[in-house]
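Residues per chain, in single letters:
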Amino acid sequence: FISYYKPYKVLFFFDMVCAFMAAGIDLIFPVLVRYLLEEGLSKEISVAFDIIIKIGVLMLAMHILKYFCQFFVEAWGHIMGARMEYDMREDIFGHLQKLSFTYYDNNKTGQIMSRIVHDLFDITELAHHGPEEVFISLIKIFGSFFILLSINVKLTLITFAFMPLMMA
C-alpha cells in the first residue's frame, strides 16, 4: 500500500508540512490571546494599543497562512488521492484481466464494479486523510499538553490522565 505513495512523496511531504503549520497555528492562537490579555490589560493605553496592533497583525498574517495551508492540504491532497486512486485502478484492472473466466462466472459484475468504484474510493480517502489526520491530531494533543503544562502542571496532568480512558 505504501508503494502508492512513492511517486507522490514530494507532494505528500508538502501536504504534511502544511498540515503541521495549520495545526501549529491553531495551537498558537490561544497563546497569543492569553499574551494579549495579560500584557495588553496590564500596560498603559498607548503601550497596550501598540501591543494590540502588533498581535492583531500577527494573528491576521497567521490566519492567512493557515488558510493557504488548508487550501493546499484540501486541494493538492485530494489531487494526490485521485492520482493514487488512478494508479490503484490501473493495477486492479490489470489484475482483473489476468483472472480466469471461472472467476467471472462465480462473481457478479455489479459486486466487482462496486469494489472497484466505491471500495477503492474509500481506500484512497483513507490514504489521503488517514496519515494527515493522525499527524494533525498528534501535533494538537502533544502541543496542547506542553502549552497547558506551562500554564498549570497539576491541572494538565489531571486532564491528560483521562486521555487513555477517552481513547479506549
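Residues numbered from 1 in each chain as written. Predicted model: local features only at pLDDT ≥ 70, side-chain atom pairs only at ≥ 80, totals over all residues. Heavy atoms only, no water.

Caption draft 1: Local environment of the overall build of the chain. From N to C terminus, the chain includes six helices and zero strands. What you see in the chain, going N to C, is helices and strands ordered as α-α-α-α-α-α. Here the chain has a C-alpha radius of gyration of 24 Å; the compact-globule value for 168 residues is 15 Å, and the former is much larger. Judged by the C-alpha coordinates and their principal axes, the chain covers about 85 × 35 × 25 Å. Look at the contacts in the chain between residues 6 or more apart in sequence, and 76% of them connect residues 24 or more apart. Per element, the accessible surface of the chain, about 11,700 Å² overall, is 72% carbon and sulfur. Charged side chains of the chain number 13 positive and 17 negative; the gap between the two group centres comes to 4 Å. (Helix = DSSP H or I, 4+ residues; strand = E, 2+ residues; numbered from the N terminus. Rg over C-alpha atoms; globule rule 2.2 N^0.38 Å. Contact = heavy atoms within 4.5 Å. Areas by Shrake-Rupley, 256 points an atom, 1.4 Å probe, with all protein chains shown as cover. Lys, Arg positive; Asp, Glu negative; His and termini not counted. Charge placed at Lys NZ, Arg CZ, Asp CG, Glu CD.)

Caption draft 2: Structural detail: the packing of aromatic side chains. This structure, assessed with the given rule, holds nine aromatic pairs. On the basis of an interplanar angle of 85 degrees and a centroid distance of 6.1 Å, the ring pair of Phe 1 and Tyr 5 is categorised as edge-to-face. Phe 1 sits in the partly exposed class, given a relative accessible area of 49%. Assessed through its relative accessible area of 12%, Tyr 5 is described here as buried. Ring centres 4.9 Å apart and planes at 80 degrees place the aromatic pair Phe 145 and Phe 160 in the edge-to-face group. Of this pair, Phe 145 sits in helix H4 (residues 109-151) while Phe 160 sits in helix H5 (residues 153-161), and the two are 15 residues apart along the sequence. An aromatic cluster is defined as three or more aromatic residues linked by ring pairs; in this entry it consists of Phe 1, Tyr 5 and Phe 12. (Phe/Tyr/Trp six-rings, centres within 6.5 Å; stacked < 30°, edge-to-face > 60°. Buried < 20%, exposed > 50% of the residue type's maximum accessible area, 1.4 Å probe, protein only.)

Caption draft 3: Broad picture of the nonpolar core. Cys 18, Met 80 and Met 84 are the most contacted members of the largest nonpolar core, which has 19 residues in total. Sorting the residues of this core by element identifies helix H1 (9-42), helix H2 (45-98) and H4 as the ones contributing at least two each. If we ignore the near neighbours within four places in the chain, the residues touching Met 80 are Tyr 8, Leu 11, Phe 12 and His 128. With seven residues, the next largest nonpolar core counts Ile 25, Phe 29, Leu 32 and Ile 51 among its residues. (Core = buried A, V, L, I, M, F, W, Y, C linked by side-chain atoms within 4.5 Å.)

Caption draft 4: Here's a closer look at the environment of Lys 154. Inspection of the secondary structure assignment puts Lys 154 in helix H5. The exposure class assigned to Lys 154 is exposed, which follows from its relative accessible area of 64%. For the pair Lys 154 and Gly 56, spaced 98 residues apart in sequence, the C-alpha separation works out to 31 Å.

Caption draft 5: Focus on H4. Relative to the 63 Å expected for 43 residues at 1.5 Å per residue, H4 spans 61 Å between its end C-alpha atoms, a close match to the ideal helical length. A bend of about 35 degrees at His 129 is the largest found in H4, and the proline Pro 131 appears one to four places after it. Looking at the buried positions of H4, the neighbouring elements they touch are H1, H2 and helix H3 (101-106). (Expected span 1.5 Å × (residues − 1). Bend = angle between axes of the 7 residues up to and from the residue.)

In short, the description is geometric, and any link to function would need to be established separately.
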